[in-house]
Amino acid sequence: MLWSLVKILVFVTLIGAATFGASYLLELEGGVRIALGATEFNLTPIRAVIGLILLVLVIWLLMKLAGLLIAVLRFINGDETALSRYFDRNRERKGFNALSDSLMALASGEGRLAMSKAQKAEKFLDRTDLTTLVIAQAAEVAGDKRRAEEAYKKLVTDERTRFVGVRGLMKQKLAEGDTDKAMKLAEKAFALKPQHVEVQDTLLKLQAANADWKGARGTLKAKLRHGALPRDVHKRRDAVLALSEAKTVLAEDSSIEMREAAIEANRLSPDLIPAAVFAARAYAEQGKPKYATRVLKKAWEASPHPDLAAAFAALEPDETPEERLKRFKVLTRIHPEHRETRLLLAELLIGAEDYPAARRALGDLAVTAPDARALTIMAAVERGEGAPDAIVKGWLTRAVSAPRGPQWTCENCHHIHSEWTPVCDHCQAFDTLAWRDAPAGDYQTPMSQQMLPLIVGRVDEGGSNLPMATTPAETGDMAPDAGADTPEGAASEIPEAEVLPPEETPGRSS
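Residues numbered from 1 in each chain as written. Predicted model: local features only at pLDDT ≥ 70, side-chain atom pairs only at ≥ 80, totals over all residues. Heavy atoms only, no water.

S.K.: Mind laying out the overall build of the chain, listing which residues take part and the relevant values?
M.R.: The helix and strand tally for the chain stands at 23 helices and five strands. Counting over 510 residues, the chain shows a buried share of 40%. Across the chain, contacts joining residues at least 24 apart in sequence account for 51% of those joining residues at least 6 apart. Of the roughly 28,600 Å² of accessible surface on the chain, 56% is carried by carbon and sulfur atoms. (Helix = DSSP H or I, 4+ residues; strand = E, 2+ residues; numbered from the N terminus. Buried < 20%, exposed > 50% of the residue type's maximum accessible area, 1.4 Å probe, protein only. Contact = heavy atoms within 4.5 Å. Areas by Shrake-Rupley, 256 points an atom, 1.4 Å probe, with all protein chains shown as cover.)

In structure tokens form, the structure reads like this:
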């Protein structure tokens, strides 16, 4: 309000001053005389002032015209001028408008339109990094792989966009299934940006799939260094990679290096079951059974597992069932109520032919949490105590269709594996295998296959059931009996089983 009043006062003052000046000039006597050769001009004061103002305007216009003429000449010559800058601003405005339209089309999933707008923006803008990137992404959306590849290769030539180009080519090769080239591109992208999490994960996955365990350990260390991986997870996965190195060296028959790698894997992660098994074997080869026992005991304390029991049994392959039962107290005293401990103790007691004690050790597992292994052990106990064939076959029939119990299962795709591997055979995910319950029928546990001959007994050529052998050494080739007293539909489901060597039968001596 006050400012408006001030402006009005100033305007009125100026008008008054101009009016006063004009009246003063009109009343002023005399004038201005201009002589130009023989011509003479006499001007009144007011005309002289007006003429002076007009002269200034003409001079200013002439100067502007001269500047414009000079600018046109420089523009024609290719020099930067205000005229060229004006046209450049026009081009830039059109280019950014086209780029904006391209990005909007790209966000809408209209690949062809986005590519067309990006090409238009490329004509107006001197920003090949932006326009080429948009063209590459638009070509991917449109399904034009060739054009996308050309755009990414163009990005690789520019230092500012080299990483983007390499990463784009890497993803293309992965989509095509060309893992060899994808791995080389991933290594190059990792060298450009070692802190990039996606590139780290991609390179680690490719290295693991190609069994490049040494390179994978280096990538894992970079993930830890750049804060992309917690220290405890790094320790676990580094142990997995060290164990994988040990397995590779074992395949190459280099036992000394295998032992060192296996022991290192167990040191990095004592609760990693395969690492404990390998370390125990390594110590056993070195003639250090006490160290092997210590490793297996520590792993059993973390998580009881049948592989640990098998490795512990392999330390003394020639012992009697009674000696084995006594030696296994080192493990069975730990977590006595754990399911795996109870199953292991029952198998050991069956090997020692102490069937009542085996029944007590098994407890109610065959009823409260029945799986193939628990039901098979129960069938063995019944057969050992002289139960009728119908009872034995009833337990066996239930075992055939029961859940398989814990198996090595991929937590990513739920694929079942017969043994632990660092990389899932199905989805190629790294370190995703966990010992967990598997659905019925997915995979048969080896334990039940080993127990079947012991439970069912031999079958003669005529198909009659012979008495069950009391030791594995007495058993010949056996198959489940398909007798009439088997529940309907169960006989056809019972798989045939081969007799395993004595040292492979849990809880049995050779």
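S.K.: Tell me about the pattern of salt bridges, and name the residues and values.
M.R.: Going through the model one piece at a time under the given rule, you end up with 21 salt bridges. With its nearest N and O atoms 3.3 Å apart, the salt bridge here joins Arg-127 to Asp-129. On the accessibility criterion, Arg-127 (35% relative accessible area) is partly exposed. Between Lys-153 and Glu-149 there is a salt bridge, and its shortest N-O distance comes to 3.3 Å. Of this pair, Lys-153 and Glu-149 both sit in helix 6 (residues 145-156), four residues apart, roughly one helical turn. (Salt bridge = Lys/Arg side-chain N within 4 Å of Asp/Glu carboxyl O.)

S.K.: Any details on helix 10 (residues 213-225)? Residues and values, ideally.
M.R.: Here helix 10 spans 18 Å end to end across 13 residues, near enough to the 18 Å set by a 1.5 Å rise per residue. Regarding helix 10, the residues found buried are Trp-213, Ala-216, Arg-217, Thr-219, Leu-220, Ala-222, Lys-223 and Leu-224. Gly-227 occupies a position one or two residues after helix 10 and carries a positive phi of about 75°. (Expected span 1.5 Å × (residues − 1).)

S.K.: Outline the nonpolar core, supporting the account with residue identities and numerical values.
M.R.: Leu-243, Leu-296, Trp-300, Leu-308, Phe-328 and Phe-430 are the most contacted members of the largest nonpolar core, which totals 46 residues. In terms of residue count, the dominant contributor to this core is helix 13 (residues 273-285) (eight residues). If we ignore the near neighbours within four places in the chain, the residues touching Leu-296 are Ala-276, Val-277, Ala-280, Leu-308, Ala-311, Phe-312, Leu-315 and Leu-331. Core analysis: the next-biggest nonpolar cluster, separate from the first, contains 33 residues, Ala-118, Ala-148, Val-199 and Ala-222 among them. (Core = buried A, V, L, I, M, F, W, Y, C linked by side-chain atoms within 4.5 Å.)

S.K.: Quick rundown of the state of the cysteines? Include the residues and the values.
M.R.: Here, the word disulfide means a covalent bond between the sulfur atoms of two cysteines. Applying the stated criterion to the full structure yields zero disulfides. Cys-413 supplies the cysteine sulfur nearest to Cys-427, a cysteine that is in no disulfide, at a spacing of 3.6 Å. (Disulfide = S-S within 2.5 Å.)

S.K.: Just give me the short version of the side chain of Thr-202, but keep the residues and values in it.
M.R.: Secondary-structure assignment places Thr-202 in helix 9 (residues 197-209). The contact partners of Thr-202, leaving out residues within four places of it in the chain, are Met-170 and Leu-174.

S.K.: Give me the packing of helix 19 (residues 355-362) against helix 21 (residues 372-384): which residues, what numbers.
M.R.: Close contact between helix 19 and helix 21 brings their axes to 9 Å; oriented N to C, the two are set at 155°. Between helix 19 and helix 21, the crossing angle belongs to the class labelled roughly antiparallel. Between helix 19 and helix 21 lies a crossing of left-handed hand. Here Tyr-355, Ala-358, Arg-359 and Leu-362 of helix 19 lie close against helix 21, whose contacting residues are Ala-374, Ile-377, Met-378, Ala-380, Val-381, Glu-382 and Gly-384. A per-class count over the contact of helix 19 with helix 21 returns eight nonpolar, one polar and two charged. (Axes fitted to C-alpha atoms, helices over the stretch in contact; angles between N-to-C directions. Parallel < 35°, antiparallel > 145°, perpendicular 65-115°, else oblique. Left-handed = near helix turned anticlockwise from the far one by under 90°. Nonpolar A, V, L, I, M, F, W, Y, C, P; charged D, E, K, R; others polar.)

S.K.: Report on the pairing of strand 1 (residues 32-36), specifying residues and quantitative values.
M.R.: With zero of its five residues buried, strand 1 lies for the most part at the surface. With five bridges connecting them, strand 1 and strand 2 (residues 39-43) associate as antiparallel partners. Counted as the bridge partner of Ala-35 is Glu-40 from strand 2. Between strand 1 and the antiparallel strand that follows it, strand 2, lie two residues; Gly-37 among them carries a positive phi value of about 65°. (Pairing = 2+ DSSP bridges.)

S.K.: Outline the environment of His-417, listing residues and values.
M.R.: Tracing the backbone shows His-417 in strand 4 (residues 416-417). Its relative accessible area of 2% is what places His-417 among the buried residues. Once the C-alpha coordinates of His-417 and Gln-407 are considered, the two residues, 10 residues apart in sequence, prove to be 7.1 Å apart. Those residues in contact with His-417 that sit more than four places away from it in its chain are Trp-408, Cys-410, Cys-424, Asp-425 and Leu-433. In terms of polar contacts, His-417 uses its side chain to reach the backbone amide nitrogen of Asp-425, at 3.1 Å. (Polar contact = N/O pair within 3.5 Å; in protein donor to acceptor, adjacent residues only side chain to side chain.)

S.K.: For the environment of Thr-219, give the residues involved together with the corresponding values.
M.R.: Secondary-structure assignment places Thr-219 in helix 10. Along the backbone, Thr-219 and Gln-207 are 12 residues apart, and their C-alpha atoms lie at a distance of 9.0 Å. Sequence-distant contacts of Thr-219, defined by excluding residues within four places in its chain, comprise Phe-190, Gln-200, Leu-203, Leu-204 and Gln-207.

S.K.: Describe unusual backbone geometry, listing the residues and the values that go with them.
M.R.: Backbone geometry at His-335 places phi at a positive 50°, although glycine is not the residue there. Within the fold, His-335 resides in the loop between helix 17 (329-332) and helix 18 (339-351). Since its relative accessible area comes to 35%, His-335 is described here as partly exposed. A positive phi angle, close to 55°, is found at Asp-431, a residue other than glycine. Here Asp-431 lies in the loop between strand 4 and strand 5 (433-438).

S.K.: Residues and numbers for the packing of aromatic side chains, please.
M.R.: Tallying each qualifying case throughout the model produces three aromatic pairs. Taking the centre distance of 5.4 Å and the plane angle of 70° together, the rings of Tyr-283 and Tyr-291 count as edge-to-face. Relative to Trp-435, the ring of Trp-408 lies with its centre 5.3 Å away and its plane at 65°, an arrangement referred to as edge-to-face. A residue pair is termed long-range when its members are at least 10 positions apart, and Trp-408 in strand 3 (residues 405-410) and Trp-435 in strand 5 qualify at 27 residues. Across from the ring centre of Phe-278, 5.6 Å away, lies the NZ or CZ of Arg-281, which sits over that ring. One residue, Arg-327, lies across the ring of Phe-312, its end atom 4.4 Å from the ring centre. (Phe/Tyr/Trp six-rings, centres within 6.5 Å; stacked < 30°, edge-to-face > 60°. Lys NZ or Arg CZ within 6 Å of the ring centre and 35° of its normal.)

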